[in-house]
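Architecture at a glance
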Amino acid sequence: MATNITQIEDKERGKTVLRVEGELFHADAILLEKIALEMRENLKQNIIIDLADLDLMDSDSAPILKRMENEHGFKIEGIAYFLQKVIDETER
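Below is a summary of the structure that appears in this document.

Conventions we followed
Residues numbered from 1 in each chain as written. Predicted model: local features only at pLDDT ≥ 70, side-chain atom pairs only at ≥ 80, totals over all residues. Heavy atoms only, no water. Pairing = 2+ DSSP bridges. Helix = DSSP H or I, 4+ residues; strand = E, 2+ residues; numbered from the N terminus. Right-handed = clockwise from strand over helix to strand, strands pointing away. Core = buried A, V, L, I, M, F, W, Y, C linked by side-chain atoms within 4.5 Å. Buried < 20%, exposed > 50% of the residue type's maximum accessible area, 1.4 Å probe, protein only. Contact = heavy atoms within 4.5 Å. Axes fitted to C-alpha atoms, helices over the stretch in contact; angles between N-to-C directions. Parallel < 35°, antiparallel > 145°, perpendicular 65-115°, else oblique. Left-handed = near helix turned anticlockwise from the far one by under 90°. Salt bridge = Lys/Arg side-chain N within 4 Å of Asp/Glu carboxyl O.

Attention now moves to the pairing of strand β3 (residues 47-57). As paired strands, strand β2 (residues 15-24) and β3 are joined by eight bridges and run parallel to one another. Residue pairing in the sheet places Glu 23 in a bridge with Leu 56 of β3. In this region the chain leaves β2, passes through helix α1 (residues 26-43) and returns to the parallel neighbour β3; the handedness of that crossover is right-handed. Read as a crossover between parallel neighbours, the route from β3 over helix α2 (residues 62-70) to strand β4 (residues 75-77) is right-handed.

Glancing now at the nonpolar core. In summary, soluble globular proteins display a tendency toward joint burial of nonpolar side chains. Counting residues in hydrophobic clusters, the biggest one holds 20 residues, and the most contacted among them are Ile 49, Leu 51, Leu 65 and Met 68. Those elements giving two or more residues to this core turn out to be β2, α1, β3 and α2. Per-element tally for this core: the top contributor is β3, with five residues. Setting aside residues up to four positions removed in sequence, Met 68 forms contacts with Leu 32, Glu 33, Ala 36, Ile 49, Gly 73 and Phe 74.

Okay, the packing of α1 against α2 next. In contact at an axis separation of 8 Å, α1 and α2 are set at 20° when each is read in the N-to-C sense. When the interaxial angle is binned, α1 and α2 end up roughly parallel. Relative to α2, α1 is oriented so that their crossing is left-handed. Within the contact between the two elements, α1 uses His 26, Ala 29, Ile 30, Leu 32, Glu 33 and Ala 36 and α2 uses Ile 64, Leu 65, Arg 67 and Met 68.

A word on the environment of Glu 12. Relative to the helices and strands, Glu 12 is located in the loop between β1 (4-10) and β2. Taking relative accessible area as the criterion, Glu 12 reaches 81% and is therefore assigned exposed. Spatially, the C-alpha atom of Glu 12 lies 26 Å from that of Lys 34, the residues being 22 residues apart in sequence.

Now for unusual backbone geometry. Its identity as a non-glycine residue notwithstanding, Lys 44 has a phi of 60°, on the positive side. Here Lys 44 shows up in the loop between α1 and β3.

Evaluation of the coordinates by the stated rule reveals eight salt bridges. The closest approach of N and O atoms between Arg 13 and Asp 10, which form a salt bridge, is 2.6 Å. Looking at Arg 13, the relative accessible area reads 41%, which means it is partly exposed.

In structure tokens, the structure reads:
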């Protein structure tokens with residue numbers, strides 16, 4: 001299954017959300033980071049990354065997501081416990 005990234009305007013929270021569906025591999029994570037950074041620059045607001053519909057993430061993607069969260073300040077939502085554990089492990 002391919003990676004699908006969809007931009008959603010959450011009018012209730014006044015936020016832009018990037019929903020990631022399918023599988024997330026290293027190249028996809030790099031693309032997601034690039035898209036999110038460009039969108040934030042253009043929209044002048046922070047972007048939420050929603051991973052609730054993610055089916056698979058490889059271990060090479062975890063450091064990219066962690067960097068997006070820690071260095072770039074993106075909020076990551078919808079991540080299942082085991083995926084959060086993988087991302088946290090890359091921080092060590």
